[in-house]
Number of protein chains: 2
Amino acid sequence: MQKILIVDDEAKIRAVIREYAEFNGYGVSEAADGMSAVAKCKEENFDMVILDIMMPKFDGFSACKEIKKLKDIPVIMLSARGEEYDKLFGFELGVDDYVVKPFSPKELMARVNAVLSRRGGAESRAEVLAFDGLEIDMPARSVTVDGKKAELTPKEYELLFYLVRNKNIAMSRDKLLSDIWGYDFFGDDRTIDTHIKNLRNNLGPYRSRIVTLRGVGYKFEA
Amino acid sequence: MQKILIVDDEAKIRAVIREYAEFNGYGVSEAADGMSAVAKCKEENFDMVILDIMMPKFDGFSACKEIKKLKDIPVIMLSARGEEYDKLFGFELGVDDYVVKPFSPKELMARVNAVLSRRGGAESRAEVLAFDGLEIDMPARSVTVDGKKAELTPKEYELLFYLVRNKNIAMSRDKLLSDIWGYDFFGDDRTIDTHIKNLRNNLGPYRSRIVTLRGVGYKFEA
DNA sequence: CGCGGGATGCAAAAAATATTGATAGTGGAC
DNA sequence: GTCCACTATCAATATTTTTTGCATCCCGCG
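Residues numbered from 1 in each chain as written. Chains lettered and ligands numbered in written order. Predicted model: local features only at pLDDT ≥ 70, side-chain atom pairs only at ≥ 80, totals over all residues.

With respect to the protein's contact with DNA strand D
In the vicinity of DNA strand D, 21 residues are found, and the nearest of them are Thr153(A), Lys155(A), Thr153(B), Pro154(B) and Gly187(B). Sorting the residues of the surface near DNA strand D by element identifies α5 (154-165) and α7 (190-202) of chain A together with α6 (154-165) and α8 (190-202) of chain B as the ones contributing at least two each. In the surface near DNA strand D, the residues fall into 4 nonpolar, 8 polar and 9 charged. (Near = placed C-beta within 6 Å. Helix = DSSP H or I, 4+ residues; strand = E, 2+ residues; numbered from the N terminus. Nonpolar A, V, L, I, M, F, W, Y, C, P; charged D, E, K, R; others polar.)

Considering the nonpolar core
Counting residues in hydrophobic clusters, the biggest one holds 58 residues, and the most contacted among them are Val49(A), Ile50(A), Leu51(A), Val49(B), Ile50(B) and Leu51(B). If we skip the residues at most four places from it in the chain, Val49(B) touches Leu5(B), Val7(B), Ala37(B), Cys41(B), Ile67(B), Ile73(B) and Val75(B). With 17 residues, the next largest nonpolar core counts Ala150(A), Leu152(A), Leu176(A) and Ile192(A) among its residues. (Core = buried A, V, L, I, M, F, W, Y, C linked by C-beta atoms within 7 Å. Buried ≥ 20, exposed ≤ 12 C-beta atoms within 10 Å, placed from the backbone. Contact = placed C-beta atoms within 7 Å.)

Structural notes on the pairing of strand β6 (residues 128-131) of chain B
Residue and element names in this part refer to chain B. Looking at chain direction, β6 and strand β7 (residues 134-137) are connected through 4 bridges and run antiparallel. What sits directly across from Val128, in β7, is Asp137. Remark: 2 residues form the turn of the hairpin made by β6 and β7, two consecutive strands paired antiparallel; Asp132 in that turn has positive phi of roughly 50°. (Pairing = 2+ DSSP bridges.)

Some thoughts on the sheet that holds strand β11 (residues 210-213) of chain B
Residues and elements named next belong to chain B. Pairing is antiparallel in the open sheet, where 3 strands are placed in the order β10-β12-β11. With partners counted over all chains shown, the strands left at the sheet margins are β10 (171-172) and β11, one partner each. Two elements, β11 and strand β12 (residues 217-220), share 4 bridges in a ladder whose sense is antiparallel. Of the residues in β12, the one forming a bridge with Leu213 is Gly217.

Things to note about the pairing of strand β8 (residues 142-145) of chain A
All names here are of chain A. Direction of pairing for strand β7 (residues 134-137) relative to β8: antiparallel, over a ladder of 4 bridges. In the sheet register, Glu135 faces β8, and the bridge partner there is Thr144. Hairpin connection between β7 and β8: a loop of 4 residues separates the two successive antiparallel strands, and Arg141 in this loop has a positive phi of roughly 55°. The pairing of β8 with strand β9 (residues 148-150) spans 3 bridges and is classified as antiparallel. Looking across to β9, one finds that Val143 is bridged to Ala150. Turn length for the β8-β9 hairpin, with the two strands adjacent in sequence and antiparallel, is 2 residues, and the turn residue Asp146 shows positive phi of about 50°.

Thoughts on the protein's contact with DNA strand C
Close contacts around DNA strand C come from 16 residues, with Asp193(A), Lys197(A), Asp193(B), Lys197(B) and Thr212(B) the closest. Looking at the surface near DNA strand C, the elements that each hand over two or more residues are α7 of chain A together with α8 of chain B. Considering only residue class, the surface near DNA strand C consists of 2 nonpolar, 6 polar and 8 charged.

Looking at the sheet that holds β7(B)
Residue and element names in this part refer to chain B. Strand order in the open sheet formed by 4 strands is β6-β7-β8-β9, and the pairing between neighbours is antiparallel. Each edge of the open sheet carries a strand with a single partner, namely β6 and β9 (148-150). Sheet twist, expressed as the average angle between the axes of neighbouring strands with direction ignored, equals 20°. (Axes fitted to C-alpha atoms, helices over the stretch in contact; angles between N-to-C directions.)

Quick word on unusual backbone geometry
Residues and elements named next belong to chain A. Even without being glycine, Arg141 reaches a positive phi, approximately 55°. Tracing the backbone through its elements, the reader meets Arg141 in the loop between β7 and β8. Given 22 C-beta atoms within a 10 Å radius, Arg141 is considered buried.

With respect to the environment of Phe220(A)
Residue and element names in this part refer to chain A. With respect to the element layout, Phe220 can be found in strand β12 (residues 217-220). Residue class for Phe220 comes out buried when judged on the 22 C-beta atoms lying within 10 Å of it. Phe220 sits 58 residues away from Tyr162 along the chain, and the two C-alpha atoms are 9.2 Å apart. In this structure Phe220 touches Leu163, Val164, Lys167, Arg209 and Ile210, once residues within four positions along its chain are discounted.

So this is what it looks like as structure tokens:
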């Protein structure tokens, strides 16, 4: 079941959306402000966030930015008519769709479905990513560094892909070992270090994207 | 590179779309009104036109009609909410998609990609392809290497065609076996390797187009 | 300032994987 | 039935990758 996080300061609006969303077979969580929305996204994996712009504490824009930094979750923004249209065009915001209040719940759900199906639809699961001159093409299993192809070993691919898919999230050695090597791997932690080192050596100028978190593990910084 | 013509009277909107489009790897031209849009279409071949409806001089509808008369280019229309919605569905306008303002640029690009891949789908599923001196004619079941016909066995054809149809995508041995040999094939992985070897031997200088992906399988590199 | 627990680098051993050529099985054409 | 091209399997070889142990380095902390 796909889960949606509804963020709006008005309980009434949340309730309406919830009702429709549940009717459409989605699981629903709620948050009343941007801050707690971000917090919830940290602890739970949502498939979609519906985010009001005007909110106390932490507005929708800021929340959106934070959430997108955390994970690549689709976001639909809600706004009152005429409210800060322009900002939506901000390049870095990455909003997936936009619905003007007052909206009909039916229309909102149509958009939710549209966005989700676009994502889930085979290719567009953002499997080809670029960070400056670092291009990562997962389907093709190829990585280019400033236009030059990097030759990675299988484990290096897996490691990189894994870190990128979980970008900006600290991954402990334990988690890396069990997720990439398999839960039944009996081996040394140093193994990871070595692979990280090898991987870094292949990323040239972008080696520092893989950040060491002392005492914890690693993360890919986007 | 695919080229898009963006037509809107507001420079700001054009700029936003341009930014996104270029980010997505498209080439971009702009026009501020319907008249110059048609003119540009006459002199240059675009792969897509994004057309605002409400414009001075020559509105989007008229421009669309003119352009469609000239060439069969996909058109995506932009419209303000509620603005002449109906007409879009009407008649022979042949609009490929439409997006309601305010829209998120991301959504617009998703639609652009969708329309283009829908169109290009037919094309890229082209059954006669050439990579340098390697010509692959699927319907004719013939492959020529630098003008000389290569004699392939049935399995070699299938393998090559399959890889080419999925060019630049890593294909695991599992997938190859189940897609080419059939899901019920009970056999050895090495079988594939051998056929790959035979195939490569028949591709002369282009043998390296079939790239080994250690630990995974193979891919055809275009 | 020195200590200690990671983090890193290196190189060799060990393991995994791909390539290749030889070989045998298969089914159709004659 | 025999021949033949094609296919599958196998085993030896070649290649690459992974792991590991150790030496060294670095950073935060007392």
